[in-house]
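What the coordinates show
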Amino acid sequence: MKPSVLIFSQAMELGGVERSLLGLLDSIDYDRYDVDLFLMRHSGELMPYLNPKANLLPEIPQYASLAVPMASLVKNGQFGVLCGRLQGKLAARRFDKQHLSEKPSVTALTYSHKYTLRSMPQISDKTYDLAISFLTPHYFVRERVSAKKYAAWIHTDYTALTFDRSAELAMCGVSEQASKSFQTAFPELAGKVQTIENILPKELICKQTEEPQTDMSSDESVLILSVGRFCEAKNFDNVPDICRRLVADGLDVKWYLIGYGGDEALIRRKIAEAGMQARVIILGKKDNPYPYMRACDLYVQPSRYEGKAVTVREA
């Protein structure tokens, strides 16, 4: 009998973690392993690229409900999940007030999973040889999957975050730096940490690179590109001022931003304040960023912090 593996993640939206999951699924020898994949939500632009040899488990309403507006939970009768999310939100607010820091906080997401755990059903009735939680938080895999061994994949730099130390537990990292930062935060778990590089879906990247794009300038400007979520971690809000200084130094540049997220309005305001409307161009969400990477003269990842940027390796 082949060893059985369960891999848990959230969804397949556009993102580095999701693309690295595609690479992991493509690298598995399915003649040697039986693999079940559980996604909290069967949604996202990358869903069509999932390896069909991995058995995609059915969506479970309680897990899918963690990403919907709370008003929808009332309509759908998910009162347990609603109470857990509210309790987690209040607990995270209290924790952050008691641990004031300039570092971004991840307690809201952690507590959302922690306090809704009691409302979550078992993910599968199988007992696996290995259960992998591919994206933090890791409560659901540890408590709602039966397995002989468990692993949690760490994709971020813990030293750059505010978090509840007692609520975090994990065993794997995606780079030496991610592993070192995790061991700095959790020295007692140093013996359980193993570095496993993200595996990129190389064939898909090479294929998609050849698709056309017509959004980027064809003049003599130096074309700069950055790809990522529009959020504090990625630091795109500083791009307009950086670009302004490059232009002031006599450089003819155009800086393109691919992505989406809550900081878009902030970035647009910064573009206007810097007078860079003709130089910093937001292209928005792109299912396929690779033709833009091929077309640019310089790829820049201006992040405030990273675990290990998948986009840099893709570029």
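Note: the structure precedes this text.
Residues numbered from 1 in each chain as written. Predicted model: local features only at pLDDT ≥ 70, side-chain atom pairs only at ≥ 80, totals over all residues. Heavy atoms only, no water.

1. As for helix α4 (residues 79-98)
Along its 20 residues, α4 runs 29 Å from first to last C-alpha, staying within 8% of the 28 Å computed at 1.5 Å per residue. Listed in full, the buried residues belonging to α4 are V81, L82, G84, R85, G88, A91, A92 and F95. On the buried face of α4, the contacting elements are α2 (61-64), α3 (70-75) and α5 (107-116). (Helix = DSSP H or I, 4+ residues; strand = E, 2+ residues; numbered from the N terminus. Expected span 1.5 Å × (residues − 1). Buried < 20%, exposed > 50% of the residue type's maximum accessible area, 1.4 Å probe, protein only. Contact = heavy atoms within 4.5 Å.)

2. Structural notes on the side chain of N51
Mapped onto the elements of the fold, N51 is located in the loop between β2 (34-39) and β3 (55-56). In this structure the side chain of N51 is engaged in a polar contact, spanning 3.1 Å, whose partner is the side chain of D26. Here N51 is in contact with L25, D26 and Y30, once residues within four sequence places are set aside. (Polar contact = N/O pair within 3.5 Å; in protein donor to acceptor, adjacent residues only side chain to side chain.)

3. Side note on the sheet that holds strand β10 (residues 280-284)
Read from one edge to the other, the open sheet built from 4 strands follows the order β10-β9-β8-β11, with strand pairing classed as parallel. Of all the strands in the sheet, just β10 and β11 (298-299) have a single pairing partner and so form its edges. The sheet contact formed by strand β8 (residues 222-227) and β11 spans 2 bridges and is parallel. Paired with L225 across the strands is Y299, a residue of β11. Strand contacts of helix α10 (residues 264-274): β9 (253-258) and β10, with the helix running at about 160° to β10, the strand carrying the most contacts. (Pairing = 2+ DSSP bridges. Axes fitted to C-alpha atoms, helices over the stretch in contact; angles between N-to-C directions.)

4. Re the environment of D263
Relative to the helices and strands, D263 is located in the loop between β9 and α10. Sequence-wise, D263 and S112 are 151 residues apart; in three dimensions their C-alpha atoms are separated by 22 Å. The residues touching D263, leaving out its near neighbours within four places in the chain, are F230, C231 and E232.

5. Quick look at the pattern of salt bridges
Side-chain pairs of opposite charge can arise where the charged atoms are in close proximity. Considering all chains together, one arrives at 14 salt bridges under this definition. The shortest N-O distance in the salt bridge between D36 and K126 comes to 3.1 Å. With D36 in strand β2 and K126 in the loop between α5 and β4 (127-133), this pair connects stretches of sequence that are 90 residues apart. In this structure, R304 and D237 form a salt bridge, with 3.1 Å as the shortest nitrogen-oxygen distance. Note that R304 is positioned in the loop between β11 and α12 (310-314) and D237 in the loop between β8 and α9 (239-248), a separation of 67 residues in sequence. Residue class for R304 comes out partly exposed when judged on its relative accessible area of 40%. Residue D237 is classed as buried on the basis of its relative accessible area of 12%. In the salt-bridge network here, residues are joined through shared partners; they are D241, R244 and R245. (Salt bridge = Lys/Arg side-chain N within 4 Å of Asp/Glu carboxyl O.)

Note that all results are geometric; they support no functional claim without further evidence.
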